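# An overview of the molecular structure
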Amino acid sequence: MKDQTLSGGVPYGAIALFAIAFLLYSGFLANLLGSRGTDLAGRGMALGFAAIIGAVLWLALTGLFVLAWFNGRLPGWLAVAALIVLPLSAIAAAAAAGLAEERGWWLMTAPIALPPLLALLALWGRLPALHGVLPVGPTSAALGGAIVVLTVVPLVVGWIETMPNPERDAQRAEQQRRYEQETERRAQQAHAEEETRFARLGPASSLGDYLDYLPPGSSRHAQALAGARLVKSRNQDAAALLREGRLNDLEALWQLDLDPAQICQAYGAALQVQAMKIDRNQPGYVSAALDIEWQLPNMKWLAVARCDLGQALALAEARVRAIADNVRLTGIADQVAALRQPK
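Attention here is on the structure that accompanies the text. (Residues numbered from 1 in each chain as written. Predicted model: local features only at pLDDT ≥ 70, side-chain atom pairs only at ≥ 80, totals over all residues. Heavy atoms only, no water.)

## A look at helix α5 (residues 136–162)
With 27 residues, α5 ought to run about 39 Å at 1.5 Å a step, and its terminal C-alpha atoms sit 38 Å apart, in line with that. Every buried residue belonging to α5 is among Thr139, Ser140, Leu143, Gly144, Ile147, Leu150, Thr151, Pro154, Val157 and Glu161, and all of these are buried. (Helix = DSSP H or I, 4+ residues; strand = E, 2+ residues; numbered from the N terminus. Expected span 1.5 Å × (residues − 1). Buried < 20%, exposed > 50% of the residue type's maximum accessible area, 1.4 Å probe, protein only.)

## Comments concerning a nonpolar patch on the surface
Together, Val148, Val152, Val156, Trp159, Ile160 and Met163 give the surface a local cluster of nonpolar side chains, amounting to about 520 Å² of exposed area. Its place among the elements puts Ile160 in helix α5. We classify Ile160 as partly exposed; its relative accessible area is 38%. (Patch = residues over 30% accessible without salt bridge, like charges linked within 9 Å, V, L, I, M, F, W, Y side chains within 5 Å. Areas by Shrake-Rupley, 256 points an atom, 1.4 Å probe, with all protein chains shown as cover. Salt bridge = Lys/Arg side-chain N within 4 Å of Asp/Glu carboxyl O.)

## Regarding the environment of Ala55
Within the fold, Ala55 resides in helix α2 (residues 40–71). A C-alpha to C-alpha distance of 51 Å links Ala55 and Glu317, two positions 262 residues apart in sequence.

## Side note on the state of the cysteines
As enumerated under the stated definition, the model contains one disulfide in all. Across a sulfur-sulfur distance of 1.9 Å, Cys264 and Cys307 are joined as a disulfide pair. Its torsion about the S-S bond being 90°, the disulfide of Cys264 and Cys307 is classed as right-handed. In this pair, Cys264 is assigned in helix α9 (residues 260–276) and Cys307 in the loop between α11 (296–304) and α12 (310–323), connecting sequence segments 43 residues apart. A relative accessible area of 16% places Cys264 in the buried class. (Disulfide = S-S within 2.5 Å.)

## Some remarks on the pattern of salt bridges
Going through the model one piece at a time under the given rule, you end up with 14 salt bridges. With its nearest N and O atoms 2.5 Å apart, the salt bridge here joins Arg177 to Glu174. Taken together, the residues Arg177 and Glu174, both in helix α6 (residues 166–199) and three residues apart, mark about one turn of the helix. Residue Arg177 is classed as partly exposed on the basis of its relative accessible area of 38%. The closest approach of N and O atoms between Arg321 and Asp334, which form a salt bridge, is 3.0 Å. In this pair, Arg321 is assigned in helix α12 and Asp334 in helix α13 (residues 327–340), connecting sequence segments 13 residues apart. Note on Arg321: relative accessible area 34%, which makes it partly exposed. A relative accessible area of 39% means that Asp334 is categorised as partly exposed. Taken together, the shared-partner salt bridges in this structure form one network comprising Glu317, Arg321, Asp334 and Arg340.

## A closer look at the packing of aromatic side chains
Summed over the entire model, instances satisfying the criterion amount to two aromatic pairs. On the basis of an interplanar angle of 75° and a centroid distance of 6.1 Å, the ring pair of Phe28 and Trp58 is categorised as edge-to-face. With Phe28 in helix α1 (residues 12–34) and Trp58 in helix α2, the pair connects residues that are 30 residues apart, well separated along the chain. A residue is classified by how much of its surface remains accessible, and Trp58, at 7% relative accessible area, is buried. On the numbers, 4.9 Å between centres and 70° between planes, the contact of Phe198 with Tyr213 is edge-to-face. Taken together, the positions of Phe198 in helix α6 and Tyr213 in the loop between α6 and α7 (221–228) put the pair 15 residues apart, joining distant regions of the chain. The burial state of Phe198 is the same as that of Tyr213; both residues are buried. The ring of Phe198 has Arg220 sitting right over it, with the charged end atom 5.5 Å from the ring centre. (Phe/Tyr/Trp six-rings, centres within 6.5 Å; stacked < 30°, edge-to-face > 60°. Lys NZ or Arg CZ within 6 Å of the ring centre and 35° of its normal.)

## What to know about the packing of helix α3 (residues 76–103) against α5
Between α3 and α5, the shortest axis-to-axis distance is 7 Å and the interhelical angle comes to 45°. As the angle between them shows, α3 and α5 are arranged oblique. Note on packing geometry: the crossing formed by α3 with α5 is left-handed. Of the residues in α5, those in contact with Trp77, Leu78, Val85, Leu88, Ser89, Ile91, Ala92, Ala95, Ala96, Leu99, Glu102 and Arg103 of α3 are Ser140, Ile147, Leu150, Thr151, Pro154, Leu155, Val157, Gly158 and Glu161. (Axes fitted to C-alpha atoms, helices over the stretch in contact; angles between N-to-C directions. Parallel < 35°, antiparallel > 145°, perpendicular 65-115°, else oblique. Left-handed = near helix turned anticlockwise from the far one by under 90°. Contact = heavy atoms within 4.5 Å.)

## Looking at the environment of Asp249
Its location among the elements puts Asp249 in the loop between α8 (234–243) and α9. Considered as a pair, Asp249 and Gly104 are 145 residues apart in the sequence and their alpha carbons are 49 Å apart. A polar atom in the side chain of Asp249 sits 2.6 Å from the side chain of Arg246. (Polar contact = N/O pair within 3.5 Å; in protein donor to acceptor, adjacent residues only side chain to side chain.)

## Considerations on the environment of Thr62
As for its position among the elements, Thr62 is in helix α2. For the pair Thr62 and Leu83, spaced 21 residues apart in sequence, the C-alpha to C-alpha distance is 8.5 Å.

Take a look at the structure:
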C-alpha cells in the first residue's frame, strides 16, 4: 500500500497511524500505571486491559514499519531486524508487566519505553529527510540498541523465572497462604458485622432497614419477613418507600401484614411510574415489563382488599401488551387485565 502524500511530501498514512498509536499508547500506559498499588483483582483487570490495548498497539507499530519499508528508506537489514524484534518486544513487554510486582517495578521500563522507541525508529525510516540530520549508523545503533536491551532483559528474567527455585516457590506459596487468610478474615469480619446489624433490628426499626434481607434468595429471608411484620411504622414506611420509587424493592408487600387502605394510593402511583418505563424508546423497557410480573402478588392482594388500581392496571396492561413479542409478556398483560375485571 502506497502512502498518500501531498506534493510537499507530507506522509498522511504514517501521521494517521502514528496518531492512532499514540492514542492506544495512552490507554496502554494508563492501565499499566493503574495496576500498581491495587489489590490482586484490580491489578489483574488493569493488566488484562493493558494486554488487549497493547496487542492493537503493536499492530499499529507494525503498520508504521510496513510504511517505512514500502514508502520510506528503512534499510533492508533494519526491516529484517524489525520483523524479528517486533513480536519479541511484545512478548517482552507482557512478561515485564507480569513480573514487575514480584521482581521489581524497574521492569516496567520495558513496556513503557518500547512503544515510543519503536514508533520513533519507524518514523525515522519513513522520513528520508531526517537521515541527513540523523545518520543511519548512529540512529539505528542508538534506537535499535535500546530496543534490543529492553526486549532481551525481560525475556531473560522471564526465562529465569521458569527455572526450578525451591526458595522462590516456597515464598510464593507463603504469599498465597497469607492472601487466602486475609480474604477469609475479611469475609468473616463482614459476616460478623452483618450479623450485628441484623440483630439490632426490631419493632422500633423502619421497614427500609429490612429491605436488604427480604429478597427470597437471602439467607435471612424468613427472619427478616417475620421481623418486618412487627415493625410499628410499617404502613407509613411502606407508603413512603413507594413514593420514593422503591417499588421493585417491595415485592413482598402482600406478606408484611400491612393495611391495604394506607398504601393503596401510593402503590397505584408507583405502579404507574413503573408502567411508564415500558417504552421501546427507553433503555431496559423489557426488564421494566418483567418487573411488573414480580408485582402480581401485590396487585392481587390489593385487588382483593378493594383497592382501586384501575388506572394503574390499565396503563400497565397497555404498556406491556404494546411490547409483547413472546408468550411470557403476553401472559403478564393477560394477568394484569384479569385483575381489572369485576369479581
